[in-house]
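Structural overview for review
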Amino acid sequence: MKHQKRQLQYKTSNLKRKVKQNLDNLDTSQLDEISELEEKVKNLNKENKDLKELVSLLQDQKITFQNGRYVDDIRETIMQLLNLNVSMNKVNEVIRVVLRNLASIEVDRLPSNAVKTRLLVEARNLAHKQVAEAMASGGESGNCFHGDGTTKYHRHYQSFQITSSGNTLSFGFQEMAGQDSGALLNTFTSAIDELTDVITSDDEDKEKLVSELIVSIRSTMSDQCAVMPRFSEQLKQLRERLLPLCIDNWSNLSTSSQDELKDMCNYFCKLHLLAILQLNLTKFLKCLRVLHVRASHNQNMCL
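Throughout what follows, the structure given in this document is the object of discussion. Within any chain, residue numbers begin from 1 and follow the written order of that chain's sequence. Local features are withheld for residues below a pLDDT of 70 in this predicted model, meaning they are given only at 70 or higher, and side-chain atom pairs are given and counted only at 80 or more; totals for whole chains, interfaces and linings count all residues. Here the side-chain values reflect all heavy atoms present in the structure, with hydrogen atoms and water set aside.

A few points about helix 7 (residues 203-215)
Going along the chain from the N terminus, every DSSP run of H or I of four or more residues is numbered as a helix, and every run of E of two or more is numbered as a strand. In a helix, the anticipated span is given by 1.5 Å times the number of residues less one. Here helix 7 contains 13 residues, and its C-alpha end-to-end distance of 18 Å stays within 8% of the 18 Å for a straight helix at 1.5 Å per residue. Buried residues along helix 7 sit in contact with helix 5 (113-136), helix 6 (181-197), strand 8 (217-223) and helix 8 (227-246). By the convention used here, residues are in contact when the closest approach between their heavy atoms is within 4.5 Å.

Here it is in C-alpha cells:
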C-alpha cells in the first residue's frame, strides 16, 4: 500500500514537471495535451488522498486535521464535550481514552486550549444563528418569550429563552445594570441585537432583522413579580412601533387586522408565590412547634 502511494506521488510530480516545461513552448496543438495532463494530475491527487485515508484506517488512526483545519467531526465533538461541562484541560484525554478503549483507534492530533477557546466562540455563534433562524420561521402563531432572573452577591443576572414550533432555545444569560423593567428591556434588545450579528453585518439589514425578530414574539410567560407586567407592556409597545416596518402595506390593513397583529398573550405564573409561601410557612410551623414544646415543658415543670 505504501509502495503504491509512493508511485502515485512520483507520477504526480513528473506530470507537474512536464506541464511546467511545456508552458514555455505553448502552442495551439498542445492545449489539449495540457488539459489532459491537468486532468490526470487531478485524478492522481484524488487517488493519493483516498490512499492516505485507507492507510489511516488500516493503521487504526483517526485523521483529525486536514487542509489546514480540524475536521468537522472533531470540532463538533469538542463543542459538545465542553457544553457537557467537561474541563477544557481534559477534553483531549477524554477523546483519546474513549476512541482507544471502545474503537481501538488512535488520534493523531488534537487542538490546543487556545483553539478550543475559539471553538467555544464558534459554537456560540452557531447557537445564535440557530435561534435567529428558528425565530424568523416561527409561523403564524409566533414565538413565546420567557426567562428568569436571579441575584447573587448583589449582582443581578437574567436569562432569555424562546419557544418556537415546540422547541425551546436559550439565547442569553447576561448581567443587568438594574432590576427595573427598563433595564430588562434594554438587556433583551441587546440580546436580540447579538443574534443578528452572526446573520448580517449590514446596518440596514441588521435593523430590519432585529425588528422582525421582536415582532415575531406573540406571547410571553414569566413570574408575577412587579417588574414583569411592566416589561410585558413595554415589549408590546415596542412591537407596535416596529410592526409597520415589518408588515407590507401596513397602512392599507383594516383596523381590526392591525389590532389582531398588535395583540399579545401574557401569562404570569403564580408558582413563585406558592413556593415562597410554602417556604415561609415551613419556618412558621417550625417556630410554632418550638413554642408548643416549650409551653408543654413549662406546664410539666409547674405540675
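Notes on the packing of helix 5 against helix 6
Helix axes use the C-alpha atoms of the stretch in contact, all axes being lines fitted to C-alpha atoms, and the angles between their N-to-C directions lie in the range 0 to 180 degrees. One way to put it is that helix 5 packs onto helix 6 with a least axis distance of 8 Å and a crossing angle of 105°. One element, helix 5, and the other, helix 6, form an angle in the roughly perpendicular class. Where helix 5 abuts helix 6, its residues Arg 124, His 128, Val 131, Ala 132 and Met 135 lie against Ile 192, Glu 194 and Leu 195. Each residue is assigned to one of three groups, with Ala, Val, Leu, Ile, Met, Phe, Trp, Tyr, Cys and Pro labelled nonpolar, Asp, Glu, Lys and Arg labelled charged, and all others, Gly among them, labelled polar. Residues of the contact of helix 5 with helix 6, tallied by class, amount to five nonpolar, one polar and two charged. Working rule for angles: under 35 degrees goes down as roughly parallel, over 145 as roughly antiparallel, 65 to 115 as roughly perpendicular, anything else as oblique.

Side note on the sheet that holds strand 5 (residues 143-152)
Strands were regarded as paired on the criterion that DSSP finds at least two bridges between them. Reading across the sheet, the five strands line up as 7-6-5-8-9 and stay open at both edges, with mixed pairing between neighbours. With partners counted over all chains shown, the strands left at the sheet margins are strand 7 (167-176) and strand 9 (265-269), one partner each. Sheet twist, expressed as the mean angle between neighbouring strand axes with direction ignored, is 20°. For strand 6 (residues 155-164) and strand 7, the ladder comprises nine bridges, and the chain directions are antiparallel. Bridged to Ser 159 within strand 7 is Phe 173. Packing against the sheet, helix 5 makes contact with strand 5, strand 6, strand 7 and strand 8, and its axis sits at approximately 120° to strand 7. Taken strand by strand, helix 8 contacts strand 5, strand 8 and strand 9, and its axis lies near 170° from that of strand 8.

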